[in-house]
Amino acid sequence: MSSLSTQAIAYKQGLRSIPGREINLETPPALLDAPLTPLSRFFVRNNGGMPALDERAMANWTLTIDGEVERQVTIGLDELKSSFEIVDVESVLECAGNGRAGFSPATDGLPWGPGAVGCAIWRGVRLMDVLRQAGVTAQAVYVGFESPDCCLDDSTRPALSRGLPIAKALSPETLLAFAMNGEPLALVHGFPLRIVAPGFPGSAWQKWLHRVWVRACVHDGEKMTGLNYRLPTHSVSPGTPYDADDFEVITDLRVKSLITSPAKEDEVIGSGEIAVAGYAWSGHVPVVQVGVSADGGQSWQDAHLAAPSSRFGWRRFEARLPCPPQGEIELVSRAMDEAGNRQPLGQAPWNPRGYLNNGVYRVPLRRRR
Ligand SMILES: Nc1nc2c(c(=O)[nH]1)N[C@H]1C(S)=C(S)[C@@H](COP(=O)(O)O)O[C@H]1N2
Ligand SMILES: [Mo]
């Protein structure tokens, strides 16, 4: 790892590093037991190398909005901050591949456990306001994002160039963010500017942004085409052929929950009650209920669900469950959204790239004897 990369993650604590050339760090569930995920614990997903945005490179950094616009806009960070209203949006950021390791049979892609997720307060300006200044034409259907990070195996290719449908780009919650939890955006999280696209998977949250290309067609940048960040429109069984034309870009996170306390294999007294807590979230359809079980899903109780602190943040759930008198103790949490979608008790629908595994999370406990 280069010294820049080592420095850039020196303050990260207790995260699991996923082997590979890129820096990818996962948060163990116990470290997510807080309403906002501290920077030191926030997961990291890099599809390529990090750009060296030191002071010298920053002096030349600008953001350009071009393509299907009436006036091209090129703007520096200070001007961006002083020209547009600054807003805070609390939102979960979750990688589409979060939980991929739970798919059987295994799929291509990084083997994330349950911790490629976090919740933060993002500060920035609305992408909508900047697009309005540029004047989006009637032909615009999509925005494409560009950044200087490149693929480690082939430095002529960008690491990632994804985008958003124009309606989401013009939605008030979609930000060009420069701060996270009250601190300037860290280099690994996209300094100086990143996209915040609440409800969309992390892949749409482009880091190190320097160009927003307004397009008259669906953006076709790096990792936008093929099966990348796409799900089949009808079910695909492992090992059977499929048609790539039957896949659609993921535009919404699924309803999901994670028990953050206790942790897997913790010891309990084996009588009395077990205090369970965690967080539940979803994409554009709000979470309304979380059921919890201490016997692996045979009996259920509704958890107390804290009021949402914001539309795209996560909701804390808490419950006290009677300890099963005998047999295995296995905690399970299962969230439901307003449309009645519930987390699958088994695995989520299998798909070739292993996206959006929102199957319930199980926490086996040991009995103290
Ligand atoms: N430029 C750029 N932006 C990027 C990526 C990347 O590799 N390069 N990875 C994306 C993916 S897949 C995810 S899940 C999120 C992760 O954000 P984080 O590293 O701040 O947690 O960043 C997104 N933005
Ligand atoms: Mo991701």
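The model shown is predicted, which means the values in this text are computed figures rather than measured ones.

Student: Explain the pairing of strand β16 (residues 256-261) to me, using residue names and the numbers behind them.
Tutor: Most of β16 is tucked away: 5 of the 6 residues are buried. Two elements, β16 and strand β18 (residues 273-281), share 5 bridges in a ladder whose sense is antiparallel. Bridged to serine 261 within β18 is alanine 277.

Student: Got a sec to walk through the environment of arginine 311? Specific residues and values, please.
Tutor: Its place among the elements puts arginine 311 in the loop between β21 (304-305) and β22 (315-322). When the C-alpha positions of arginine 311 and asparagine 98 are compared, they lie 21 Å apart, and in sequence the two are 213 residues distant. Beyond its immediate sequence surroundings of up to four residues, arginine 311 is in contact with Gly283, His284, Val285 and Pro286.

Student: Tell me about the site of ligand 1, and please be specific about residues and values.
Tutor: Close contacts around ligand 1 come from 20 residues, with Asn47, Asp149, His189, Arg194 and Lys207 the closest. Within the side chain of serine 147, a nitrogen or oxygen atom sits 3.4 Å from a nitrogen atom of ligand 1. Aspartate 149 places a polar side-chain atom, nitrogen or oxygen, 2.7 Å from a nitrogen atom of ligand 1. For ligand 1, whose unbound accessible area comes to 530 Å², protein coverage reaches 100%. Here ligand 1 is seated within the largest cavity. Taken together, the residues of the shell around ligand 1 break down into 9 nonpolar, 7 polar and 4 charged.

Student: Summarise the sheet that holds strand β2 (residues 24-26); cite the residues concerned and give the values.
Tutor: Note: strands within a sheet are paired through backbone hydrogen bonds, in either parallel or antiparallel orientation. The strand order β1-β2-β3 describes an open sheet built from 3 strands, whose pairing is antiparallel. Edge positions in the open sheet fall to β1 (16-17) and β3 (44-45), since each of these has one partner strand only. Taken together, the 2 bridges between β2 and β3 define a ladder with antiparallel strand orientation. Bridging from a neighbouring strand, asparagine 24 pairs with arginine 45 of β3.

Student: Give a detailed account of the side chain of asparagine 358, specifying residues and quantitative values.
Tutor: The topology assignment puts asparagine 358 in the loop between β23 (329-337) and β24 (361-367). Under the relative-accessibility criterion, asparagine 358 is labelled buried at 5%. With residues near it in sequence (within four places) discarded, asparagine 358 still touches Arg254, Val255, Lys256, Gln343, Pro344 and Ala348.

Student: Could you give me a rundown of empty space enclosed by the protein, with the residues and numbers involved?
Tutor: Enumeration over the complete set of coordinates arrives at 1 cavity of 30 Å³ or more. Lining the largest cavity are 18 residues; nearest its centre among them are Arg45, Arg194, Gly202, Trp205 and Lys207. Broken down by class, the residue content of the lining of the largest cavity amounts to 8 nonpolar, 6 polar and 4 charged.

Student: Hey, could you go over helix α4 (residues 127-134) for me, with residue numbers and the actual values?
Tutor: Since one α-helical turn is 3.6 residues long, residues separated by three or four positions face the same way. Most of α4 sits out of view: 6 of its 8 residues are buried. For α4, every residue scored as buried is listed here: Leu127, Met128, Asp129, Val130, Leu131 and Ala134.

Student: Explain the layout of surface pockets residue by residue, including any values.
Tutor: Its boundaries defined by the atoms lining it, the largest pocket holds a volume of some 340 Å³. If you trace the largest pocket, you find 21 residues lining it, with Arg45, Asn47, Gly109, Lys223 and Tyr229 closest to the centre. Each residue belonging to the lining of the largest pocket can be placed in one class, and the counts come to 7 nonpolar, 5 polar and 9 charged.

Student: Let's hear about the packing of aromatic side chains: which residues, and what values?
Tutor: In this structure the tally under the stated criterion is 8 aromatic pairs. Aromatic side chains phenylalanine 42 and tryptophan 122 sit 6.0 Å apart centroid to centroid with 85 degrees between the ring planes, which places their arrangement in the edge-to-face category. One end of the pair, phenylalanine 42, is in the loop between β2 and β3; the other, tryptophan 122, is in strand β7 (residues 117-126), and 80 residues separate them in sequence. Note on accessibility: phenylalanine 42 and tryptophan 122 belong to one class, buried.

Conventions and cut-offs
- Residues numbered from 1 in each chain as written.
- Chains lettered and ligands numbered in written order.
- Predicted model: local features only at pLDDT ≥ 70, side-chain atom pairs only at ≥ 80, totals over all residues.
- Heavy atoms only, no water.
- Buried < 20%, exposed > 50% of the residue type's maximum accessible area, 1.4 Å probe, protein only.
- Helix = DSSP H or I, 4+ residues; strand = E, 2+ residues; numbered from the N terminus.
- Pairing = 2+ DSSP bridges.
- Contact = heavy atoms within 4.5 Å.
- Near = heavy atom within 4 Å.
- Polar contact = N/O pair within 3.5 Å; in protein donor to acceptor, adjacent residues only side chain to side chain.
- Areas by Shrake-Rupley, 256 points an atom, 1.4 Å probe, with all protein chains shown as cover.
- 1 Å grid on protein atoms, 1.4 Å probe; cavity = no way out; pocket = protein on both sides within 12 Å on 5 of 7 lines; lining within 4 Å.
- Sits in = over half its atoms within 2 Å of the grid points.
- Nonpolar A, V, L, I, M, F, W, Y, C, P; charged D, E, K, R; others polar.
- Points joined across faces, edges and corners; volume = space filled by probe spheres on them.
- Phe/Tyr/Trp six-rings, centres within 6.5 Å; stacked < 30°, edge-to-face > 60°.

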